[in-house]
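Structural overview for review
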Amino acid sequence: MPWSDYKKLFDELLAGIVAKHDPGTDYWPGSPHSPIGDRNNFYNSCCGDAHVWDIWHGKKPFEWYRNCEHRFNSEFGFQSFPEPKTVYNYTLAKDRNISSYIMEEHQRSGIGNTTIIQYMLDWFRLPTSFDNQLWLSQILQGLGVKYAVEHWRRGMPWGMGTLYWQLNDNWPGASWSSIDYYGRWKALHYMA
């Protein structure tokens, strides 16, 4: 969608509808969004909200979060595998290897399983059992998100909010969620 159409829809039409029908409700035209300056600069650290994916997609170390000083972090995260009980529901014994076809098919990100293992090797020794790899991925996910949230909380009142991606899953597999498809809490949810 070109910016001219985006502005008509999100800045004019929808903003007008919200103002007319619920004038007491604040309206935000999208996420990420920077209300000041160049709208293409949605990574503006002076205003607006940002989606911070430099760790997951950019492969930067968790320590990079210390350089991130946005006003509101509306989306960021790190993946983990669900617990063994969940994984056993969609695998056979022969599939219980992080790089198996079934494990890859239950991965929401093309770089996912490799990225989890790379970070795991940066922080820990690689567990020798499949189940322990699943569990350790959850600890890793929790530590990464915790690292970011603690940094951003120390930055208050400059930064006043953080939302991690994502709360829950709509199918069983590796993902950014803190609650798996069956409603089982991952380590991240306990840490959060």
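Owing to the predicted nature of the structure, the values given are computational and were not obtained by experimental measurement.

Each helix and strand counted, the chain has six helices and two strands in total. Overall, the chain shows an N-to-C arrangement of helices and strands of α-β-β-α-α-α-α-α. When each of the 192 residues of the chain is scored for burial, the buried share is 44%. Summarising the internal contacts of the chain: among those between residues at least 6 apart in sequence, 57% fall at separations of at least 24. As displayed, the chain has an accessible area near 10700 Å², and 56% of this comes from carbon and sulfur atoms. Each charge class in the chain can be summarised by its mean position, and for the 18 positive and 20 negative side chains these summaries are 4 Å apart.

Right, let's talk about helix H1 (residues 3-21) for a bit. Residue pairs three or four apart in sequence face the same way in an α-helix, which turns once every 3.6 residues. For H1, spanning 19 residues, the distance from its first C-alpha to its last is 25 Å, which sits close to the expected 27 Å at 1.5 Å a residue. The axis of H1 is deflected most strongly, by about 25 degrees, at alanine 15.

Helix length check: helix H4 (residues 112-123), at twelve residues, gives a terminal C-alpha distance of 17 Å against a target of 16 Å (1.5 Å per residue), a fit within 8%. Of the surrounding elements, those touching the buried residues of H4 are helix H3 (101-105) and helix H5 (130-154).

Two side chains that carry opposite charge are able to pair once their charged atoms sit near each other. For the coordinates displayed, the defined rule picks out two salt bridges. Of the charged contacts in the structure, one is a salt bridge between lysine 60 and aspartate 54, with a shortest N-O distance of 3.7 Å. Residue classification places lysine 60 among the partly exposed positions, given a relative accessible area of 32%. Residue aspartate 54 is classed as buried on the basis of its relative accessible area, which comes to 18%. With its nearest N and O atoms 2.9 Å apart, the salt bridge here joins glutamate 150 to lysine 146. Taken as a pair, glutamate 150 and lysine 146 lie in helix H5 at a separation of four residues, close to a single helical turn. For lysine 146, a relative accessible area of 36% puts it in the partly exposed group.

What counts as what
Residues numbered from 1 in each chain as written. Predicted model: local features only at pLDDT ≥ 70, side-chain atom pairs only at ≥ 80, totals over all residues. Heavy atoms only, no water. Helix = DSSP H or I, 4+ residues; strand = E, 2+ residues; numbered from the N terminus. Buried < 20%, exposed > 50% of the residue type's maximum accessible area, 1.4 Å probe, protein only. Contact = heavy atoms within 4.5 Å. Areas by Shrake-Rupley, 256 points an atom, 1.4 Å probe, with all protein chains shown as cover. Lys, Arg positive; Asp, Glu negative; His and termini not counted. Charge placed at Lys NZ, Arg CZ, Asp CG, Glu CD. Expected span 1.5 Å × (residues − 1). Bend = angle between axes of the 7 residues up to and from the residue. Salt bridge = Lys/Arg side-chain N within 4 Å of Asp/Glu carboxyl O.

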